Amino acid sequence: MTLPVERSRTRRPVTWLTIVGVLLLPVVIGALLVTALYNPADRLENMTAAIVNDDAPVTVNGQLAPLGRQLTAGLVKGSDTQPSNLTWVISNSSDAASGLADGTYSAVVTIPEDFSAAATSTAGSSPQQATIQVQTATDAKVVDDAITAQITQAAASLMGQQLSQVYLENVLLGFTTLGDKLGQAASGAHELAAGTSQLGTGADALASGVGDLSTGASQLAGGASQLSDGASRLATGATQAAGGLSAWAGGAQTLASGSSDIADALQQVADQVPQDMPQVPQQVIDTAKDVAADSAQINRQLTDAANSLSALAADCEPATTPELCAALTRAAQDAQASLSTATGIVDQAGTIATGLEGLNQLPRLGAGLSELAAQQRQIAAGMQGLAGGATQAAAGVGQLADGAAGLSTGAAQLSAGASQLADGASQATSGAAQLATGARQAASGTSSLADGLDQAVAQIPRYSDAQAKSLATVVSDPVAAQGETTNLFGASAIPLLAMLVLWFGGLASYVVFRAVSGAALTSRAPSALLALRGFAPGAIAGAVQGVLVAAVVQVAASYDWADWSLFAAVCVVAGIAFAAVNQALVALLGGAGRWIAAVIGALAVATGVVSTVPGALAGVATLAPTWPAYTAMLGALTPAGGTGAALVGLAVWTVLALVTTVIVVARRRRTSARAVLAAS
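Note that this is a predicted model, so its numbers are computed, not measured. Within each chain, residues carry numbers counting from 1 in the order of the written sequence. The predicted origin of the model limits local features to residues at a pLDDT of at least 70 and limits the giving and counting of side-chain atom pairs to 80 or more, whereas totals for whole chains, interfaces and linings rest on all residues. To get the side-chain values, all heavy atoms of the structure are used, and hydrogens and water are removed first.

**Considering the packing of aromatic side chains**
Counted only if it meets this: Any pair of Phe, Tyr and Trp rings, taking the six-membered ring for Trp, is counted once the centres come within 6.5 Å. Such a pair is stacked with planes under 30 degrees apart, edge-to-face with planes over 60 apart, and tilted for the rest. Runs of H or I in DSSP of at least four residues are treated as helices and runs of E of at least two as strands, each being numbered from the N terminus. Only protein chains enter the accessibility calculation, which uses a 1.4 Å probe; a residue is then buried when its area is under 20% of its type maximum, exposed when over 50%, and partly exposed in between.
This model, assessed by the stated rule, comprises 3 aromatic pairs. Between Trp-627 and Tyr-630, the aromatic rings sit 6.0 Å apart at their centres with planes inclined by 45 degrees, giving tilted as the arrangement. One end of the pair is Trp-627 and the other is Tyr-630, both in helix 17 (residues 626–637) and 3 residues apart, which spans about a single turn. For Tyr-630, a relative accessible area of 12% gives the class buried.

And the structure:
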């Protein structure tokens, strides 16, 4: 069955089969492209890749770290958010190389021997970056490299994130430990500052006390010097007193001997006086006269001795030699008590002599002489005891002189030592004052240090184990992309493919249909009507193609019905507009118009796949009729917007194309006689 539609470049009629072919061509092409290219990440298992794990595990803090095996497991397991993964084969170097060469493997991932060592080197002083090697087959498909790189990079990034998380967790917990240690240091610094302040106070007290000690030592040195001088004078006086006592003791001894001799003489006289004839011998009288003649000298010696003993007793220090002083005092008292008797007797010696002479005249002269002899013996005994006491006193005073000399020497040494002590105490006072100043400065500095440590502790963050783990997780992966898709072609893939197949569908329509009716020259119909008659089959085919392409897209992508309805309407409008533009190109340029249409389709593909095309090409692509169709479809399926303006653009292109076709038809309706003859 034929249709009243003119076929391009032939007089054969257009059949329904031809129409079906024109309608299904973009649908088949679109279905193939959408099925093959849409969401390739859902069919990753169709790619086979090999993993070569040459990693040598290392030991970190006593624990084995086989990071190569962990990365291998991560690649094989895949992501929880990715519904598909490559078919991984754990292999070796030789098998991977041969499989890559013969096409068994699309890619080979090699984990080097030092992977674990490099990945854990952040704990040391020479950190290194761990790397993996990715190789793809030389005959790999266009997107295979991108898919393999994306998956391996995702696995490596996840491994790096986990390692960074552990490292950061340890660092954050280290902040807490550092804060604790600095807190302890701050507490110690505060205690040190308090102790140093107390040291300064104590040093001030020490300086004051040492100053008092210096003053006391100076006074002690002066007193000791005076004591030394007094002791020296005491030693000299005691020596002199000892000499006087010795001399006095000798005189007393002599006097005692003389008194004893007198007593003996008196007794002899008394013995010689007969009882019945009391006559005193002349010898006794002469002896008494001799004593009377020496009475002044004897009394002077007795008096000097008694006075010397009294002076010595008066100069004696009871605190030094109490027993000696007591003996001297008793001896002096006995000497004074006996002195008057002794001097009286001596003074009375002449009288006694005269009396003795008179006694010769008395009958009891012998008895009196005996009594006088007894008294004289008592005097001699007293003088003898006095001489012994004087001798002991002389010995004691000699010891006193020796002690006073030692005391003088010791006092002199004490004075020298006290002077040195005073000098040392003065220096110690200066040192204690410097110590106090230094202690105050140290206390101030230590207090400042403690305050600074307190500020440092306040500024250092503190984390619990849970907080450190949570923060390390965020810091190791601080930025997350939401709305990220695994579709390598993105949301614009469907609009691009739909626009492309509809454009080439319009081109195919005017490969089959005639752009300008062959009866234009002879027809009486207006040029506009003839142009619309040539446009009608292509427009109808474009509209049907739009509906069919939209249906294929919905089967593949399952869009929301509201979005798809708008998309289907845009596809219909685009199919009609593309039919008008392709009709105009073929009508105006013939086969060159079809060539230009193919170039426009290629330009739409080139500028729609990636944004890195040269600016000139991108600028030219925006002037093509494919650009508003792509923009309208993209706005219908995504929040990009601009659908209304793009539809206006398509309407403008449609009008311009129809005007162009009308002009071409009008020109075709004029001819020359020669052309008519040639045609006949």
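**Focus on the sheet that holds strand 7 (residues 107–111)**
This is how it is decided: Being paired, for any two strands, means DSSP has found at least two bridges between them. Each axis is a line fitted through C-alpha atoms, and for a helix only the stretch in contact is used; angles between axes span 0 to 180 degrees, taken between their N-to-C directions. Whether two residues touch is decided by their heavy atoms; if any such pair falls within 4.5 Å, the residues are in contact.
Pairing is mixed in the open sheet, where 4 strands are placed in the order 6-3-7-8. For this open sheet the edge positions go to strand 6 (87–91) and strand 8 (133–136), each flanked by a neighbour on one side alone. Mean inter-strand twist for the sheet, computed between neighbouring axes without regard to direction, equals 20 degrees. Sheet analysis places strand 3 (residues 48–53) next to strand 6, joined by 5 bridges and oriented parallel. Among the inter-strand pairings, Ala-49 is bridged to a residue of strand 6, identified as Trp-88. Running at roughly 170 degrees to strand 3, helix 2 (residues 67–77) makes contact with strand 3, strand 6 and strand 7 of the sheet.

**A look at the confidence of the model for the protein chain**
Spelled out, the test is: As a per-residue measure, pLDDT tells how confident the predictor is, with possible values from 0 to 100.
Scored by pLDDT, the protein chain has a mean of 74; 64% of the residues are at 70 or more. Here residues 479–486 is modelled with pLDDT under 50, and outside its nearest four sequence neighbours on either side it reaches 2 contacts, counting other chains as well.

**Thoughts on the nonpolar core**
Going by this rule: Among the buried residues, those of types Ala, Val, Leu, Ile, Met, Phe, Trp, Tyr and Cys that are joined through side-chain atoms within 4.5 Å form a nonpolar core.
Core analysis: the largest hydrophobic core is formed by 56 residues, its most contacted members being Met-499, Phe-567, Phe-578 and Met-633. Elements with a contribution of two residues or more to this core: helix 12 (493–512), helix 13 (527–557), helix 14 (561–589), helix 15 (591–609), helix 17 and helix 18 (643–668). The element that contributes the greatest number of residues to this core is helix 14, accounting for 15 residues. In this structure, Met-499 is in contact with Phe-578, Ala-604, Thr-626, Ala-629, Tyr-630 and Met-633, ignoring residues within four places of it in sequence.

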